[in-house]
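# Report on the structure
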Amino acid sequence: MSGIVESVQAKAQEVAKEDYDRAKALINDAAKSGSYLYPIKGIFYFLSHRSLWKPLLKKLAPIVTLSVGVVTGMFFFTYVPQLALMTFVNGPLAVLTTAVLVLNESSAVISFLSRNFVMQDALLDTFDGTLISRDATNLVSEGRELKSGRDPIQRLGKVLKNPFQRFSPKALIRYVMYLPLNFIPVVGTVAFIVLQGRSRGSTIHDRYFQLKRWSPNQKAEWLSKHTGPYLAFGVLATLLDMIPVASVFFSFTNAVGAALWAADIEHKETEMTDGTAPGLREAAKKAE
């Protein structure tokens, strides 16, 4: 019997070590890439480049109205019932964890409505305009017509390729499945944010991959190779998006940050330059 227990313990230690090594590798990759800085860089770049404000300003009134309405409604109708339930699980922490839970729920509703009916074109213009401002004009020309001029947003013409898809049922189901993690004090909320960040991170460069003309296999290979950096970006972007009302602003700054990151990859100004975009793009063209 003791032999079986020792065998189980040894196996558990082996699994724990493997998970620890995997997590350590992801953290090291994220730290080397500096990807976690790009959502912050996006904020400062957006604020310092007034031309990039235009897509947001055009949508500001309906977006703010939608966000305030959703957050207010969610707290008014769902906070107290969920607080009563969370109190049994989290005790004194229920006040905080319930607020986080309601913000997560509000964020999902706002994301569903705004990204499908309000912000889609504006976020695309913001991403493409940022690339143009970072001298990636040739890249943007692969996905839309461009006009002459100095203002990056005014240069944007007709979209030839649109990478955005409607909010998929799979994404909503995944969100609802992960939501109960918030009932676990602290650790559960952290796990929820990480899982949402992983999902978010895997999509932030969809436009970039489209402009590169990458195949699904090339995209999957790139994301698999750089899981840590995209997870780090996704987690920070998710945290910013969870801030009520301001989440609208951060949706645009996150798009700017993602474009800045794409431009740096394109110009080989990050640690992620081993087998990067230029080489893969040439391979893609040869395959056409």
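Just so we're clear, the structure is a prediction, and the values are computed from it rather than from any experiment.

Parameters at a glance
- Residues numbered from 1 in each chain as written.
- Predicted model: local features only at pLDDT ≥ 70, side-chain atom pairs only at ≥ 80, totals over all residues.
- Heavy atoms only, no water.
- Helix = DSSP H or I, 4+ residues; strand = E, 2+ residues; numbered from the N terminus.
- Contact = heavy atoms within 4.5 Å.
- Areas by Shrake-Rupley, 256 points an atom, 1.4 Å probe, with all protein chains shown as cover.
- Phe/Tyr/Trp six-rings, centres within 6.5 Å; stacked < 30°, edge-to-face > 60°.
- Buried < 20%, exposed > 50% of the residue type's maximum accessible area, 1.4 Å probe, protein only.
- Lys NZ or Arg CZ within 6 Å of the ring centre and 35° of its normal.
- UniProt positions renumbered as here; feature names shortened; annotations may be inferred.
- Patch = residues over 30% accessible without salt bridge, like charges linked within 9 Å, V, L, I, M, F, W, Y side chains within 5 Å.
- Salt bridge = Lys/Arg side-chain N within 4 Å of Asp/Glu carboxyl O.
- Axes fitted to C-alpha atoms, helices over the stretch in contact; angles between N-to-C directions.
- Parallel < 35°, antiparallel > 145°, perpendicular 65-115°, else oblique.
- Nonpolar A, V, L, I, M, F, W, Y, C, P; charged D, E, K, R; others polar.

### Re the overall build of the protein chain
- Of the regular secondary structure elements, the protein chain holds 13 helices and two strands.
- Look at the contacts in the protein chain between residues 6 or more apart in sequence, and 71% of them connect residues 24 or more apart.
- Element-wise, carbon and sulfur atoms account for 64% of the exposed surface of the protein chain, whose accessible area totals about 15,200 Å².

### Description of the packing of aromatic side chains
- Per the counting criterion, the structure on display carries eleven aromatic pairs.
- With centroids separated by 4.9 Å and ring planes inclined at 85°, the aromatic side chains of F76 and F77 adopt a geometry described as edge-to-face.
- Take F76: its relative accessible area is 63%, and that puts it in the exposed class.
- Aromatic side chains F249 and F250 sit 5.3 Å apart centroid to centroid with 65° between the ring planes, which places their arrangement in the edge-to-face category.
- You can call F249 partly exposed: its relative accessible area is 25%.
- An aromatic cluster is defined as three or more aromatic residues linked by ring pairs; in this entry it consists of Y38, Y230, F233 and W261.
- Above the face of the Y38 ring, K41 is positioned so that its terminal group lies 4.4 Å from the ring centre.

### So, the UniProt feature "transmembrane region" (unreviewed entry) in the protein chain
- Following the UniProt record, one finds the feature "transmembrane region" (unreviewed entry) at residues 60-80, 92-113, 175-195 and 230-263.
- Across residues 92-113, the secondary structure splits into 91% helix and 0% strand, with the terminal C-alpha atoms separated by 33 Å.

### Concerning the environment of L101
- Among the structural elements, L101 can be located in helix α4 (residues 94-117).
- Between the C-alpha atoms of L101 and P180, which are 79 residues apart in sequence, the distance is 9.1 Å.

### Notes on a nonpolar patch on the surface
- Taken together, the side chains of L93, I184, V186, V187, V190 and V194 make up a nonpolar region of the molecular surface, amounting to roughly 490 Å² of accessible area.
- Considering the arrangement of structural elements, one finds V194 in helix α8 (residues 187-201).

### Remarks on the packing of helix α2 (residues 38-48) against helix α11 (residues 227-241)
- Where α2 meets α11, the closest approach of the two axes is 8 Å, and the angle between their N-to-C directions is 50°. Considering their axes alone, α2 and α11 lie oblique with respect to each other. Along the contact surface, α2 presents Y38, P39, I40 and I43, while α11 presents F233, L236, A237 and L240.
- Class assignment for the residues of the contact of α2 with α11 results in eight nonpolar, no polar and no charged.

### Remarks on the environment of Q82
- Within the secondary structure, Q82 sits in helix α3 (residues 54-90).
- Residue class for Q82 comes out buried when judged on its relative accessible area of 16%.
- The spatial distance from the C-alpha of Q82 to the C-alpha of L101 is 8.7 Å, given a sequence separation of 19 residues.
- Leave out the neighbours within four places in its chain, and Q82 touches T98, L101, V102 and E105.

### With respect to unusual backbone geometry
- You will see that D135, though not glycine, has its phi angle at about 60°, which is positive.
- Even without a glycine there, the phi angle at R213 is positive, about 65°.
- As for its placement among the helices and strands, R213 is situated in the loop between α9 (206-211) and α10 (216-225).

### As for the pattern of salt bridges
- Per the counting criterion, the structure on display carries nine salt bridges.
- For the salt bridge of K54 with D151, the shortest nitrogen-to-oxygen distance reads 2.6 Å. Placement of K54 in helix α3 and of D151 in the loop between β1 (144-146) and β2 (156-159) is noted, with a sequence separation of 97 residues between them.
- Judged by its relative accessible area of 17%, D151 is buried.
- Ionic pairing is found between R144 and D128, a salt bridge with its closest N-O pair at 2.9 Å.

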